[in-house]
Amino acid sequence: MQFTLNGKRVRVEAHPMARLLDVVRESCGLTGTKEGCGEGECGACTVLIDRVPVNACLVPFAQVAGSHVTTIEGLRGKHPLQRAFVEFGGAQCGICTPGMILAAVALGPRPSKDAIKAGLAGNICRCTGYSAIYRSVQRAGAYARVRR
Amino acid sequence: MLGSVANRQLFEPRTVRDALRMLDQEGPLVPMAGCTDLYVSLNFGTLKATRFLNLWGLDELRSIGLRDGRLSIGALCTYTEIIRSRLVQARVPMLVSAAREVGGVQIQNRGTIGGNIGNASPAGDTLPVLAAADAVVLAASAGGTRRIPFVEFYTGYRQSILAPDELIIGAEIPAIRGRQWFRKVGTRAAQAISKVVMAAVDGSSGEPPRIAVGSVGPTVVRLPSTEAALAARTPIAEAQRILLDEIAPIDDVRSTAEYRRRVAANLLAAFWKSRR
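Here the structure is a predicted model, which means the values were calculated and not measured.

Caption draft 1: The overall build of chain B, seen in detail. Tallying secondary structure elements over chain B gives 11 helices and 14 strands in all. The C-alpha atoms of chain B give 19 Å as radius of gyration, which agrees with the globular expectation for 276 residues (19 Å, within 12%). For chain B, the spread of C-alpha atoms along the principal axes amounts to about 60 × 45 × 30 Å.

So this is what it looks like as C-alpha cells:
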C-alpha cells in the first residue's frame, strides 16, 4: 500500500487491519512513536495524518492509504519545538515527548496557553512535567524567532 | 494481543451502495469508521469478530447540511468537524459542547457521530444531545433507508434495533426552540468517560422541557415524567425525586450508583436554575 511517510512516498506491505503504530515501528523501523496505553487515552503514539494529530494505536493501516503521515522522525530534530523541549526541560523520561511535540506542532506557531492546554489534553505525561511542557511550547515560538 | 490480525478480513467499499451490498451479501460485518472505540476492543482482545467493513473512505457520509429545515449530519462527521461547523454551532450548540468534551483532540479528529450512535454505549457523549433534540437516525440497507426516532433506537445495554444488514448513514436534528444546555461530569475535563452526562432543551418557548441523561442506566434515557413535572411547574425538589425514579444507575469502575443519583439530581437543578 502506498502513502507518504515523513515527506517520502513509500510502499509498505502490512495487514490492512494492522495498527498504524505497529506499521510505523515494525515495518518502517521508526521507533520514535511510542506505545503507552494502547487504547487512545495517553497520546504517546500521536502521529499526524494529513497534519492532524491522531492516536496511531487506533488507526487501521488501511485508513492511511494515500495519506501523509508525519512521525517525530519527520521533524528531523530541527523543529523549534524540539529545541525548546530540550532547552526548557519539556522532556523528563521521554516517553510522552514525541506525542507531545507532534500534538503541539498541530497548534501552529504561538498558540495561547488555553489552546496549548486543550491541544495537549489528550497527551498524558506520567512524570507530571506539564508546566515545563507548556513552557516549552510557549517558548518555541520566541526561540524560533531568535535562533532560526 | 496483535497475533490475530492475520485472521481478520477487511471489506473496502468505494461507495455507500457498495457497503450496503457487502452488508447484505457478505454479512455479518462489523462496520468501522474512526475506530476510536472499535480498536480499543480489538487491541485488548475483547471483540472476537473477524470480518470488518471499512467506511472511512466514504466521503458521501461526511457532509453537514440542511434538509427540509432539519440539520442533517453524515455518519462519518468527526467531532472536530462538528465543533467547526457553523451550521451545528448555530442550530445545536449543545452538540458542539458535547463534541468538545469527547476524549482529546486525537480522538475528536477521528471519532464520528455515526460511531458514537452505533457503539451504543450508555456513556456516549453525544447521545443525550440526540435524545433531547428529538433526533432521527438514518439507517440504510440494500432495500432502502428508514428513519428511526433516536429515543426508540436502543433496546438495551449496547443493543439497538439496527438490523445486521443496516448501516447508520447519518442523523437528522429538527429545528430546536428554546435554550440548549449540556453538562458532562467526569473525573477530568478531557479523556474521561462520563460519570453522568445530561443534555436539555428548556421550555421557554412554551413547549415542555426535554431532558436526557447518559451513564445512569443500560441506555441513554429521556425523562418524560420529570419533563412533565417541570412543565407543570412542580417545585424542583419534587422534580428531582421524580428524576430519581426514572434513572437506574449502577456501581462500576467509574463511579457509584449513589454518586450518580446525587449528581443527576444536582444537574437537573442546575439546568432548571440556569434557564431564568
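Moving on from the model shown.
Caption draft 2: How the structure looks around the nonpolar core. Of all hydrophobic cores here, the largest spans 128 residues; its most connected members are A171, M198, A199 and A264 of chain B. The residues touching M198 of chain B, leaving out its near neighbours within four places in the chain, are P128, R183, I211, V213, A264, L267 and F271 of chain B.

Caption draft 3: Region of the structure containing the environment of A265 of chain B. All names here are of chain B. Summarising the element assignment, A265 is placed in helix α11 (residues 257–274). Residue A265 is classed as buried on the basis of its C-beta count, with 21 C-beta atoms lying within 10 Å. On a C-alpha basis, the gap between A265 and A237 in space is 8.8 Å, while along the polypeptide they are 28 residues apart.

Caption draft 4: Up close: the sheet that holds strand β7 (residues 144–149) of chain B. Residues and elements named next belong to chain B. Strand order across the open sheet formed by 5 strands is β4-β5-β10-β6-β7, with antiparallel pairing between neighbours. In this open sheet, the two edge strands, each paired with only one partner strand, are β4 (64–67) and β7. On average, adjacent strands in this sheet sit at an angle of 30° to one another, irrespective of strand direction. The sheet contact formed by strand β6 (residues 136–141) and β7 spans 6 bridges and is antiparallel. Its bridge partner being in β7, S141 is matched across the sheet by G144.

Caption draft 5: Quick peek at the interface of chain B and chain A. On the chain A side, the residues contacting the 23 residues of chain B number 25 residues. Listed by contribution, the elements that provide at least two residues to the side of chain B that touches chain A are α2 (38–43), β3 (51–54) and α6 (105–108) of chain B. When grouped by side-chain class, the residues that make up the side of chain B that touches chain A number 12 nonpolar, 8 polar and 3 charged.

Caption draft 6: Just the pairing of β3 of chain B, in detail. All names here are of chain B. Here strand β1 (residues 9–11) pairs with β3 via 3 bridges, running parallel. Within β3, the position partnered with L10 by the bridge is F52. Bridge count for strand β2 (residues 30–32) against β3 is 3 bridges, and the pairing is parallel. When the sheet's bridge partners are listed, V30 is paired in β3 with F52. Regarding topology, α2 serves as the crossover connection from β2 to the parallel β3, and that connection is right-handed.

Caption draft 7: Structural context of the packing of helix α9 (residues 224–231) of chain B against helix α10 (residues 236–246) of chain B. Residues and elements named next belong to chain B. It is the contact of α9 with α10, at a shortest axis distance of 8 Å, that shows an interaxial angle of 165°. With respect to their mutual orientation, α9 and α10 come out roughly antiparallel. For the crossing formed where α9 meets α10, the hand is right-handed. Contact residues: α9 offers S225, T226, A229 and L230, while α10 offers E238, A239, I242, L243 and E246. A per-class count over the contact of α9 with α10 returns 5 nonpolar, 2 polar and 2 charged.

Caption draft 8: Fine view of the domain arrangement of chain B. Residue and element names in this part refer to chain B. The domain boundaries assigned to chain B delineate domain 1 (3–54), domain 2 (59–173) and domain 3 (180–274). Domain 2 and domain 3 are separated by 20 Å when their C-alpha centres are compared. The partner domain 3 presents 24 residues to the 22 residues of domain 2 that form the contact. Among the elements that make up the side of domain 2 that touches domain 3, the one with the highest residue count is helix α8 (residues 127–132) (5 residues). Residues of the side of domain 2 that touches domain 3, tallied by class, amount to 14 nonpolar, 5 polar and 3 charged.

Caption draft 9: Looking closely at the domain arrangement of chain A. All names here are of chain A. Once the domains are mapped, chain A shows domain 1 (2–74) and domain 2 (76–147). A straight line from the C-alpha centre of domain 1 to that of domain 2 covers 20 Å. With 16 residues of domain 1 at the interface, the matching set in domain 2 holds 12 residues. Elements with a minimum of two residues in the side of domain 1 that touches domain 2: β3 (46–49) and β4 (52–55). Sort the elements by how many residues they give to the side of domain 1 that touches domain 2 and β3 lands first, with 3 residues.

Caption draft 10: Representation of α10 of chain B within the structure. Residues and elements named next belong to chain B. Taken together, the buried positions of α10 are occupied by A239, Q240 and L243. End-on view of α10: buried residues confined to an arc of 105°, all on one side of the axis. Along α10, exposed side chains directed more than 90 degrees from the buried face belong to A237, E238 and D245. Taken together, the buried residues of α10 touch α9 and α11.

Each value, and the rule that gives it
- Residues numbered from 1 in each chain as written.
- Chains lettered and ligands numbered in written order.
- Predicted model: local features only at pLDDT ≥ 70, side-chain atom pairs only at ≥ 80, totals over all residues.
- Helix = DSSP H or I, 4+ residues; strand = E, 2+ residues; numbered from the N terminus.
- Rg over C-alpha atoms; globule rule 2.2 N^0.38 Å.
- Core = buried A, V, L, I, M, F, W, Y, C linked by C-beta atoms within 7 Å.
- Buried ≥ 20, exposed ≤ 12 C-beta atoms within 10 Å, placed from the backbone.
- Contact = placed C-beta atoms within 7 Å.
- Pairing = 2+ DSSP bridges.
- Axes fitted to C-alpha atoms, helices over the stretch in contact; angles between N-to-C directions.
- Nonpolar A, V, L, I, M, F, W, Y, C, P; charged D, E, K, R; others polar.
- Right-handed = clockwise from strand over helix to strand, strands pointing away.
- Parallel < 35°, antiparallel > 145°, perpendicular 65-115°, else oblique.
- Left-handed = near helix turned anticlockwise from the far one by under 90°.
- Domains from an automatic or database assignment.
- Arc of directions from axis to C-beta.

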